[in-house]
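Given next are the chains, with one letter for each unit.
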Amino acid sequence: MKTTARALAYLATGIPAGAAGLAWSIAATLAVGLLAVTQLGGPVFLGAAWVTRRLATVERWRAGWVLGQPIAEPYLPATGDTLGRRVAAVASQPATWRDLAWLVVLFPIGLAGGVAGIVIAAVDAGAILAPAWAWAVPNPHAPFPMKPLMTTTPGRFGLTVIGLALLPLAVWLLRTLARLQTAAARALLAPGLHARLVKETARLAQTRARVVDAQAAELRRIERDLHDGAQARLVATGMILALAARKLRNGGAAAPDVELARRQLDEALAELRRLVRGIHPPILTDRGLHAALAALAADSPLTVELRGDPGERYPPAVESAAYFVVAEGLANAGKHAFASGCLVELARTPASIVVTLTDDGRGGADPAGAGLDGLRRRVEALDGTLSVTSPPGGPTVLHAEFPCAS
């Protein structure tokens, strides 16, 4: 009944809200129209828009009683270094005029819905409670069948039975009226196509900047690894071979130096293989994500269970990003969470690819940490989402979704 009570409250408050919205709309329109030709036109317009937005915000909050959550605000930042530019920025937003349209439309919609809702609730409640009040208003001239129902005790209890029987219908009517009114509110007060496109453009620009930063950081990491790892080993090997060549010319024994150079070359090759796997594992291209994760799990010191279709192939960019999500998750589970086992699940839905990694560690991971933030950038570059749930005591759940229509 809590939902029904909220629906009735929404409908009932629609009457004063509609009256206030219409009164403000008329007053604001007249004030802005009359002062538009004066220097006060700009400030009055901005002030009227501010008040209109506050009233519309109240309406979004009121609609949340029925929808379960308030309607999202559609406003974009109104920037400008002059009054005229700020006025133009506010006036160019469709949300400014949609708010005003809703305040005008709310009056007839709110009045009709509010009166209908109150009447439905009052009639049904009055029928159910008839034994408590009907005796006080006798009406011997009431037409049939109201006369026996209102003036006799069995009739009053009969009204109670009728009211209880009609209660489901009354509840359905109240909820339906509230849903219809909130549907109209959402059509005008929710973010429109213009706001969605602007926000999506801003999000894509931010994502692109984050991807560029991540790529630059990845290139610096590769350069550092080459310089400090394989390159240093190769330089040392060259020096050792030069020393061995000098010993051979002088008739000395060069076998120990050659053996040391051989070990250095083996270590350099191993370093290069690790670096290549860190960039893009060859098995990922040859055999797919499931096989690459199986190889990663085999090399992990943790006990890893892998679930998913071994024969399923995904877009290369998605496979690469998913691989590194799991690789980083396994590394963090062993290094920071002190986990002993992990479960990796691959699943494909009609619209996305879902990768979930769950460990049995101590939890407490910081979702905003540098490592997880780097993974989030890699996932967001593909329009995906990455969420981390890690309560103290565990478990830590890494959940990544990549859009990928079948």
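Quick caveat, the model's predicted, so the values are computed rather than measured. (Residues numbered from 1 in each chain as written. Predicted model: local features only at pLDDT ≥ 70, side-chain atom pairs only at ≥ 80, totals over all residues. Heavy atoms only, no water.)

A. Geometry of the packing of helix α2 (residues 41-67) against helix α3 (residues 83-91). For the pair α2 and α3, the least separation of the axes is 10 Å and the interaxial angle reads 35°. The hand of the α2/α3 crossing is left-handed. Packed against α2, whose contacting residues are G42, P43, F45, L46, A49 and R53, the element α3 presents L83, R86, V87, V90 and A91 at the interface. Residue composition of the contact of α2 with α3, by class: 8 nonpolar, 1 polar and 2 charged. (Axes fitted to C-alpha atoms, helices over the stretch in contact; angles between N-to-C directions. Helix = DSSP H or I, 4+ residues; strand = E, 2+ residues; numbered from the N terminus. Left-handed = near helix turned anticlockwise from the far one by under 90°. Contact = heavy atoms within 4.5 Å. Nonpolar A, V, L, I, M, F, W, Y, C, P; charged D, E, K, R; others polar.)

B. How the structure looks around the sheet that holds strand β1 (residues 303-307). Taken in spatial order, the 5 strands make up an open sheet running β1-β2-β3-β5-β4, and their pairing is mixed. One side of each edge strand has no neighbouring strand; the edge strands of this open sheet are β1 and β4 (385-389). Neighbouring strand axes in the sheet, compared pairwise and without regard to direction, differ in orientation by 10° on average. Where β1 and strand β2 (residues 341-348) come together, 5 bridges link them in parallel fashion. Within β2, the position partnered with E305 by the bridge is L343. Each of β1, β2, β3 (352-359) and β5 (396-403) is contacted by helix α12 (residues 316-335), which is oriented at about 10° to β3, the strand it contacts most. (Pairing = 2+ DSSP bridges.)

C. A look at the packing of aromatic side chains. Counted by the stated rule, this structure contains 3 aromatic pairs. Both rings, one in F45 and one in W97, keep their centres 6.1 Å apart while their planes meet at 40°; by these two values the pair is tilted. A residue pair is termed long-range when its members are at least 10 positions apart, and F45 in helix α2 and W97 in helix α4 (residues 94-128) qualify at 52 residues. In this structure F45 comes out as buried when scored by relative accessible area, which is 13%. A relative accessible area of 45% places W97 in the partly exposed class. Arranged with centres 5.4 Å apart and planes meeting at 90°, the rings of Y323 and F324 form a pair that is edge-to-face. Of the two residues, Y323 and F324, both sit in the buried class. (Phe/Tyr/Trp six-rings, centres within 6.5 Å; stacked < 30°, edge-to-face > 60°. Buried < 20%, exposed > 50% of the residue type's maximum accessible area, 1.4 Å probe, protein only.)

D. Quick look at the environment of L166. Looking at where L166 falls in the secondary structure, it is placed in helix α7 (residues 153-189). The sequence separation of L166 and A127 amounts to 39 residues, and the corresponding C-alpha distance is 9.5 Å.

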